[in-house]
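Chain by chain, the residues:
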Amino acid sequence: MKRPYITIGMLAFLMLIPLALTSTRKMMRRLGKRWQQLHRAIYLIAPLGVLHFFMLVKADIREPLIYGLLLALLLGYRVRGRVTRLLQFAHCR
Ligand code: HEM
């Protein structure tokens, strides 16, 4: 309760476990479409990791800021690719 960053870190860690367990080729095949739905949780979990880092630093937020920007860039790039594909699909119809 006194250190909520620990709770956030723990939450992120626990949420990573099902993703780790389903990261084999066999599990990917077995889960099919549901694999993708499950692994979209990373869009929530990874920002939680960054939030955890932000909460534990005191004055100097430069390092968590770098992590946050890199994550935003990487996840943003994936979202952008998806939106582009959706728009192309809508255009073809
Ligand atoms: C059970 C789960 C977790 C606990 C209890 C926990 C706890 C902690 C604690 C106590 C620190 C401060 C260390 C120090 O400087 O004294 C820390 C730092 C950090 N944690 Fe976690 N954490 C957990 C999970 C995670 C997860 C899942 C991530 C990322 C996805 C993460 C990323 C970080 C980062 C980036 C730092 C800063 C490291 C640095 O000092 O440069 N943690 N964590």
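Presented here is a report on the structure given in the accompanying data block. Every value quoted in this text rests on a predicted model; they were computed, and no experiment measured them.

## Focus on the overall build of the protein chain
Tallying secondary structure elements over the protein chain gives five helices and zero strands in all. In the protein chain, the succession of helices and strands from N to C terminus is α-α-α-α-α. Against the globule reference of 12 Å for 93 residues, the protein chain gives a C-alpha radius of gyration of 17 Å, more extended than a compact globule. Its C-alpha atoms give the protein chain principal-axis dimensions of roughly 55 × 30 × 20 Å. The buried share among the 93 residues of the protein chain stands at 16%. Once local pairs closer than 6 in sequence are excluded, the contacts in the protein chain between residues at least 24 apart make up 51%. About 7,900 Å² of surface is accessible on the protein chain, with carbon and sulfur atoms providing 68% of the total.

## As for helix H4 (residues 42-56)
With 15 residues, H4 extends 21 Å from end C-alpha to end C-alpha; this agrees with the ideal 21 Å at 1.5 Å per step. Buried within H4 are the following residues: Ile-45, Leu-48, Val-50 and Phe-53.

## Notes on the coordination of the iron atom of the ligand
Just one protein ligand coordinates the iron atom of the ligand, and it is His-52 (NE2) at 2.1 Å. Relative to the helices and strands, His-52 resides in helix H4.

## Re the site of the ligand
Around the ligand, the structure places Tyr-5, Ile-6, Gly-9, Met-10, Ala-12, Phe-13, Gly-49, His-52, Phe-53, Leu-56, Glu-63 and Tyr-67. Separating a nitrogen atom of the ligand from a side-chain N or O atom of His-52 is a distance of 2.8 Å. Per element, the largest residue contribution to the shell around the ligand is six residues, and it comes from helix H1 (residues 4-21).

Here is what the cut-offs are and how they apply
- Residues numbered from 1 in each chain as written.
- Predicted model: local features only at pLDDT ≥ 70, side-chain atom pairs only at ≥ 80, totals over all residues.
- Heavy atoms only, no water.
- Helix = DSSP H or I, 4+ residues; strand = E, 2+ residues; numbered from the N terminus.
- Rg over C-alpha atoms; globule rule 2.2 N^0.38 Å.
- Buried < 20%, exposed > 50% of the residue type's maximum accessible area, 1.4 Å probe, protein only.
- Contact = heavy atoms within 4.5 Å.
- Areas by Shrake-Rupley, 256 points an atom, 1.4 Å probe, with all protein chains shown as cover.
- Expected span 1.5 Å × (residues − 1).
- Donors = N, O, S within 2.8 Å, 3.2 Å for Na, K, Ca; no water.
- Near = heavy atom within 4 Å.
- Polar contact = N/O pair within 3.5 Å; in protein donor to acceptor, adjacent residues only side chain to side chain.

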